[in-house]
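Coordinates in review
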Amino acid sequence: MLGQSRGPSHKIAGVSPPPAPIPGARLLFSVDQAIAYLNHGSFGAVPVPVQRAQQRLRDEMETNPQRFFTAGLWERIGHARTHLSQFLGADPESTAFVPNVTAAISIVLRSIGLTAGREVVTTSHGYGSVDLAVDHMCERAGASHVKAVAPLSATDDEIVATVTASITPGRTQLVIVDHVTSATARVMPIARLVAAAKARDVPVMVDAAHAPGAHAVNVDAIGADFWVGNLHKWLYAPRPTAILSVAEKWRERIEPPVISWANNDGYPANLEMGGTLDYTPWLTAPTGLYVLRTLGIDRVRTHNGTLAAYGQRVVGAALGLLSPSELPNPGGINAPMRVLPLPRQFARTEAEAHTLRLRIADELRVVVPVISWRGRGMLRLSAQVYNHADEYDRLATGLPRLLAELN
Ligand SMILES: Cc1ncc(COP(=O)(O)O)c(C=O)c1O
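All figures in this text were calculated on a predicted structure; none of them were measured in a lab. (Residues numbered from 1 in each chain as written. Predicted model: local features only at pLDDT ≥ 70, side-chain atom pairs only at ≥ 80, totals over all residues. Heavy atoms only, no water.)

1. A word on a negative patch on the surface
Together, D91, E93, D220 and E248 make up a negatively charged patch on the protein surface. Turning to its location among the elements, D91 is positioned in the loop between α4 (73-87) and β2 (95-98). Accessibility expressed as a relative area gives 31% for D91, which makes it partly exposed. (Patch = residues over 30% accessible without salt bridge, like charges linked within 9 Å, V, L, I, M, F, W, Y side chains within 5 Å. Areas by Shrake-Rupley, 256 points an atom, 1.4 Å probe, with all protein chains shown as cover. Salt bridge = Lys/Arg side-chain N within 4 Å of Asp/Glu carboxyl O. Lys, Arg positive; Asp, Glu negative; His and termini not counted. Charge placed at Lys NZ, Arg CZ, Asp CG, Glu CD. Helix = DSSP H or I, 4+ residues; strand = E, 2+ residues; numbered from the N terminus. Buried < 20%, exposed > 50% of the residue type's maximum accessible area, 1.4 Å probe, protein only.)

2. Concerning the confidence of the model for the chain
Mean pLDDT over the chain works out to 95, with 97% of the residues at or above the 70 mark. Taken as a whole, residues 1-7 scores under 50 in pLDDT and shows 14 contacts with residues more than four places along the chain or in a different chain. (pLDDT = per-residue confidence, 0-100. Contact = heavy atoms within 4.5 Å.)

3. Points about unusual backbone geometry
Trans is the common state for peptide bonds, and a negative phi is the common state for residues other than glycine. Cis geometry is found at the peptide bond from R239 to P240, where omega equals -10°. The residue P240 is located in the loop between β7 (226-230) and β8 (242-246) in this model. The peptide bond linking Y267 to P268 adopts the cis configuration, its omega dihedral lying at 5°. Position of P268 among the secondary structure elements: in the loop between α10 (248-251) and α11 (269-272). Residue Y236 is not a glycine yet carries a positive backbone phi of 65°. Tracing the backbone shows Y236 in the loop between β7 and β8. Phi is positive for R365, close to 60°, though the residue is something other than glycine. Relative to the helices and strands, R365 is located in the loop between α14 (350-364) and β10 (366-367).

Given below as structure tokens:
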């Protein structure tokens, strides 16, 4: 049966068939096959060969910790960084490993020297903890957090217009824009947003938490002052692994969050060296890229985008959302995450969203984030090579009953 369309999709006119599974791909992951795991987006899932590669490094570390940490570790990290930077189109000189996007946001906010009366601009589609970091740093500095508001259905032109209108040259000290948003799974017109900030001579940071692996990325062509992307989501790297790229004019001003032995060595060593830590995720990250390349980057992107679109249509139909205009457009056919607005009475608050997520997990055996975005409940469906059409069909079959019970 694998690869054939079945389940609710048969009954819905206009639902294009799901993609054929990539042979063998599901077996590369240790995701529990008894559940439908439709949340690759939040934490990723590490392929088994990558888990093994990391374990081999840990074994090496434990056979002789002294040798592991003092003989060639930083050269090995440098090789891994260069390899991954080249894949991302980033000048290796500009990049540093950081644990994750969260860390990079705080590093940049602390490094720009935010001052009283100035502003940091984000969008209403931004990530919650990034908002908290901006609020915190603005409060400490006497600066303000300005949010450019755009509805779920906003076009690229509308998004560019609202961000541009929120920038005040001379007052805005940093603009933070997402390549792919978390709550709304929207691919943003990132090149246009960066260009808009640069045209006004305002520094700009790209939060590309979901971009590496999932979308074509050329960091240098984007040209932001700061760019950060997680490799532990769609590039199959072990957690925590992210790459930060910093434009040359800022590198000397980067404030390491932790002072360690490389403090006088400048960027990126002063950022990467954090004392005795487990550096094996960074060293293993190239193996994640290798697995993705072996499966075929374009093949994986087409598979995941097509399956996410299938899931959105089939679960959307179960919720009575039938026309393409009712289904939020992620901003590209190969986007592996898509959202579905729930009927308005559900998941209006974080607490309601949490309860619904747990019930879907317990009763339908489907792991899917339920998000409360500006008072509107939404489901965010991810698609990865270990997913199959059946899993979205199961959600589509069970969700209406569960919502009716909650009503
Ligand atoms: C847009 C965005 N920014 C930042 C983050 C934070 O990522 P991390 O927890 O890996 O730092 C996420 C996580 O999903 C995200 O979606």
